[in-house]
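Next come the chains, spelled out residue by residue.
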Amino acid sequence: MDEVLLGIDLGGTRVKTAAVALDGKIVGHDVRPTPADAGPEAIADAMAASARAALQTAGDAPARAAGIGAPGPMNWQTGVVFSPPNLVGWHNVPLAAMMRERLGVPCFVDNDANLACYGEFCFGAGRGVQEMCMLTLGTGVGGGIVVFGRLLRGIDGTAAEIGHMTVQRDGRLCGCGARGCLEAYASVTGLVHTAIEGIEAGSVTTLVAACGGNLHAITGKMVSDEATGGDDFAQWVIEETGDWIGVGIASLINLLNPERVVLGGGMIHAGDTLLNAIRSRAMKDAFEVPARRAQIVLAELGEDAGVVGAAMAARERLAGRE
Ligand SMILES: [Zn+2]
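Rules behind the numbers
- Residues numbered from 1 in each chain as written.
- Predicted model: local features only at pLDDT ≥ 70, side-chain atom pairs only at ≥ 80, totals over all residues.
- Heavy atoms only, no water.
- Axes fitted to C-alpha atoms, helices over the stretch in contact; angles between N-to-C directions.
- Helix = DSSP H or I, 4+ residues; strand = E, 2+ residues; numbered from the N terminus.
- Parallel < 35°, antiparallel > 145°, perpendicular 65-115°, else oblique.
- Left-handed = near helix turned anticlockwise from the far one by under 90°.
- Contact = heavy atoms within 4.5 Å.
- Nonpolar A, V, L, I, M, F, W, Y, C, P; charged D, E, K, R; others polar.
- Domains from an automatic or database assignment.
- Buried area = accessible area lost by both parts, 1.4 Å probe.
- Salt bridge = Lys/Arg side-chain N within 4 Å of Asp/Glu carboxyl O.
- Polar contact = N/O pair within 3.5 Å; in protein donor to acceptor, adjacent residues only side chain to side chain.
- Donors = N, O, S within 2.8 Å, 3.2 Å for Na, K, Ca; no water.
- Tetrahedral: all angles 85-135°; square planar, octahedral: opposite > 155°, others 65-115°.
- Buried < 20%, exposed > 50% of the residue type's maximum accessible area, 1.4 Å probe, protein only.

1. Comments concerning the packing of helix α1 (residues 40-57) against helix α2 (residues 95-103)
Right, so step 1: As a packed pair, α1 and α2 sit with axes 10 Å apart at the nearest point and diverge in direction by 50°. Between α1 and α2, the interaxial angle falls into the category oblique. The interaxial crossing formed by α1 with α2 has right-handed handedness. Judged by residue contacts, Pro40, Glu41, Ala44, Asp45, Met47, Ala48, Ala51 and Arg52 of α1 engage Leu95, Met98, Met99, Arg102 and Leu103 from α2.
Right, so step 2: Counted by class, the contact of α1 with α2 contains nine nonpolar, no polar and four charged residues.

In structure tokens, the structure reads:
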């Protein structure tokens, strides 16, 4: 029986595990709810149970190591997770050590957005290049950067917070407490904010009927649906959001000269309206040579990027390469 690597993604609502063969193929799988309010020990137990279930679906393959994606902030070298906002009662939790005790194999903890980027780099939209960055466009904006074929982590491991680049001085309040972050405009939350602002300023749109007149009930999907239905304002909201994402990407292109910029997360389902707006702004704002070089493409691994990246990062770290 061939050895496999475990990739475990600890989310606020669910734990997802894949048993990954050395060629990146997922050979076993498990998803279960995160007992988010039950504290670190119970969550580690759930993660270990998920890992064992994934190995079982892989025909009881033996695990060589486990990579774990967790929400930050954390010390990736010691595997201690500080205090993620969506996990109650977590404070300096030695997650890598706790998982090693439960699984009996080397365990490595990393930032979940970085690992999604690493997954795409190894086997998805970033394969074959050495320089790439990734934006995960969901409720927030996650980021990951690969330079020289390795994750860029920074001295404290906090690098690549692409969503928190300032794009507007004294701009919208961001979930992080600062103002004018890319995330406040370029996330689904930001998109909804843009829609509400526009309607409050007098724009006429079918969105008002779609949300039953309660603007705070507007969702990203509603905006997307009304845009598909031909509503001009909803289309504009998507273009405007793409424009903000393009502003952020233009800076990344000038800063990093990447070969590929990969876009993941739920928002990419908004389709060509969004993608065209992103590309057009990025090409317009960035320097010509790196702008011509950078391919802005959609992620390929979907929700598997995080677990595949976790497994591959564990392999590299076991070998002392990451
Ligand atoms: Zn922020």
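2. A few points about the domain arrangement of the chain
Right, so step 1: As assigned here, the chain comprises domain 1 (4-118) and domain 2 (128-299).
Right, so step 2: Put simply, the middle of domain 1 and the middle of domain 2, counted by C-alpha atoms, are 28 Å apart.
Right, so step 3: Counting residues at the interface gives nine residues for domain 1, matched by 14 residues for domain 2.
Right, so step 4: It is Trp76, Asn114 and Cys117 in domain 1 that bury the most area against domain 2; as a group they hold 57% of the surface buried on that side.
Right, so step 5: Counting the contacts that link domain 1 with domain 2 gives one salt bridge.
Right, so step 6: A salt bridge links Asp110 to Arg153, with the shortest nitrogen-to-oxygen separation between them at 2.5 Å.
Right, so step 7: Where domain 1 touches domain 2, the interface holds one residue pair in polar contact (both at pLDDT 80 or more).
Right, so step 8: Looking at the side of domain 1 that touches domain 2, the elements with two or more residues in it are β8 (107-111) and α3 (112-123).

3. Some points on the coordination of the zinc ion
Right, so step 1: Donor atoms from the polypeptide that coordinate the zinc ion comprise His164 (ND1), Cys174 (SG), Cys176 (SG) and Cys181 (SG), at 2.0 to 2.4 Å from the metal.
Right, so step 2: Geometry at the zinc ion is tetrahedral, judged from its four donor atoms and the angles of 106 to 118° they form at the metal.
Right, so step 3: Note on Cys176: relative accessible area 45%, which makes it partly exposed.
Right, so step 4: On the accessibility criterion, Cys181 (2% relative accessible area) is buried.

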